[in-house]
Amino acid sequence: MTEQIELLARLIVRSQTIIVFTGAGVSTESGIPDFRSPGGIWSKYDPEDFTIQRFVSSTEARRSFWKMSAESTLLAGAEPNPAHYAIAELHGLGKLDCVITQNIDDLHQKSGVPDNMVLELHGNMRRVVCLDCRNRFPLPDMLSEVSEETRVPDCPGCRGILKPDAVLFGEQLPIVTLREATRRAQQCDLFIVIGSTLMVYPAAYMPTYAASAGARLAIVNLTDTPLDHEAEVVIRGRAGEIMPGVMNCVRRLRSSGPD
Ligand code: NAD
Ligand code: ZN
C-alpha cells in the first residue's frame, strides 16, 4: 500500500495536467451514503418518484422530493472530507485541469475547487431549475418555503415546476458538460479515479477516453473496478485516508527536488 501511495505521488509530481474523476465513494466519509450501500436513500424513498416522467406529471412525486431534500444529509451540512481537500490541494499546486464528477453534492466546490473547474456530469442537487423559464435557484432558499405539511414550492418568477438541477432517471446528461469532459479527458496526462464503481455510463467512459489518448491511469477505490487492469496504480482503501497520504508524499517529493 505505501508503495502504491508513493507511486501515485510520483505520477502526480511528474504530471502537468491532471484530471480527478470522482463518484459517490469520495463523499461517503462526509456522511453521504453511496447508491449501493444498505441504508442509502433508495431504502427510504421510491426511485420511481425520481424518473423525469413521474416527477413532471405527479405532484406527489415532487412532494416526495421536497420531503427528501428537507431531511437529506446532502443539504443538512455535509462538509468536504480530507479526500476533497487533497484534490483541492492539487488545484493549489497548479496541476489540476478539472474535476469530473458524478456527484451532485457540491463538496468539491466547498473544498475550494473553483466552480468552473468542476464538471458535474449528473448536475447538482443544491440547485433547482424551473422547467419553464430555466432560471436556477439555490435549493436551500426554496426549502425555506417548505412547511411542516411539505408544500411543493414553484418558481418564484413564473410559477413553473421546479426540478432538482440533478439528472433524474430517464433524463439526458448535460450535453455541453459531457462534451467538455470528453475533450479534456483526451488531453490530460494523468487521470485519477476516486470512489467510483466505474459502472455508470456514459460517465464511466471518461477514464477509457483518457487512457486511450495516452494518459496514465490511477484508481483509488474500496472495491474492484472493471478498469483496474488498465491502471498503472490501483489503491484499495478509503479515499479520505489514502489521498492525504498521497499529498503528504507529493509535498515531500517536491521539497526534495527533482528526482
Ligand atoms: P457507486 O455508489 O456506484 O460506487 C461508489 C464506489 O465507491 C464503490 O465502488 C465503493 O466501493 C467506493 N467507495 C465507497 N466509499 C469509499 C471510500 N471511503 N473511499 C473509496 N472508495 C469508496 O457510485 P458511482 O460510481 O459514483 O455511481 C452511482 C451514482 O450515484 C452516480 O451517478 C452519482 O451521481 C450518484 N450518487 C451521488 C452521490 C453524491 O453526490 N455524493 C451519492 C450517491 C449517489
Ligand atoms: Zn420559472
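Residues numbered from 1 in each chain as written. Chains lettered and ligands numbered in written order. Predicted model: local features only at pLDDT ≥ 70, side-chain atom pairs only at ≥ 80, totals over all residues. Heavy atoms only, no water.

The next thing to look at is the coordination of the zinc ion (ligand 2). Every protein donor of the zinc ion (ligand 2) is accounted for by C130 (SG), C133 (SG), C155 (SG) and C158 (SG), and the metal-donor separations fall at 2.3 to 2.4 Å. Overall, C158 belongs to the partly exposed group, its relative accessible area being 34%. (Donors = N, O, S within 2.8 Å, 3.2 Å for Na, K, Ca; no water. Buried < 20%, exposed > 50% of the residue type's maximum accessible area, 1.4 Å probe, protein only.)

Here we come to the packing of aromatic side chains. For the coordinates displayed, the defined rule picks out 5 aromatic pairs. On the basis of an interplanar angle of 75° and a centroid distance of 5.8 Å, the ring pair of F55 and F65 is categorised as edge-to-face. Separated by 10 residues along the polypeptide, F55 in helix α2 (residues 52-57) and F65 in helix α3 (residues 59-71) bring together distant segments of the chain. In this pair, the class of F55 matches that of F65, namely buried. Ring pairs connect the aromatic residues F55, F65 and W66, which therefore count as one cluster. (Phe/Tyr/Trp six-rings, centres within 6.5 Å; stacked < 30°, edge-to-face > 60°. Helix = DSSP H or I, 4+ residues; strand = E, 2+ residues; numbered from the N terminus.)

Moving on: the domain arrangement of the protein chain. One can read the domain layout of the protein chain as domain 1 (1-32 + 80-122 + 172-259) and domain 2 (33-77 + 124-166). Each of domain 1 and domain 2 was reduced to a C-alpha centroid, and the two centroids are 28 Å apart. The interface is formed by 12 residues belonging to domain 1 together with 10 residues belonging to domain 2. Both sides together, the interface formed by domain 1 and domain 2 hides about 1000 Å², and carbon and sulfur atoms give 57% of it. A per-residue breakdown of the area domain 1 buries against domain 2 is headed by I32, I104 and E120, which together make up 44% of the total. Close ionic contact of R126 with D106 constitutes a salt bridge, the shortest N to O distance being 3.8 Å. (Domains from an automatic or database assignment. Contact = heavy atoms within 4.5 Å. Buried area = accessible area lost by both parts, 1.4 Å probe. Salt bridge = Lys/Arg side-chain N within 4 Å of Asp/Glu carboxyl O.)

Attention now moves to the pairing of strand β9 (residues 233-236). Consecutive side chains along a regular strand alternate between the two faces of the sheet. Of the two faces of β9, the one holding V233 and I235 is buried and the one holding V234 and R236 is not buried anywhere. Where strand β8 (residues 216-221) lies against β9, 4 bridges are found, and the strand directions are parallel. Within β9, the position partnered with V220 by the bridge is I235. (Pairing = 2+ DSSP bridges.)

Enumeration over the complete set of coordinates arrives at 19 salt bridges. R251 is the salt-bridge partner of E89, the closest N and O atoms lying 2.8 Å from each other. Linking E89 in helix α4 (residues 82-92) with R251 in helix α9 (residues 239-255), this pair joins segments that are 162 residues apart in sequence. Under the relative-accessibility criterion, E89 is labelled partly exposed at 23%. Note that R238 is salt-bridged to E241, the shortest N-O span being 3.1 Å. Judged by relative accessible area, which is 52%, E241 ranks as exposed.

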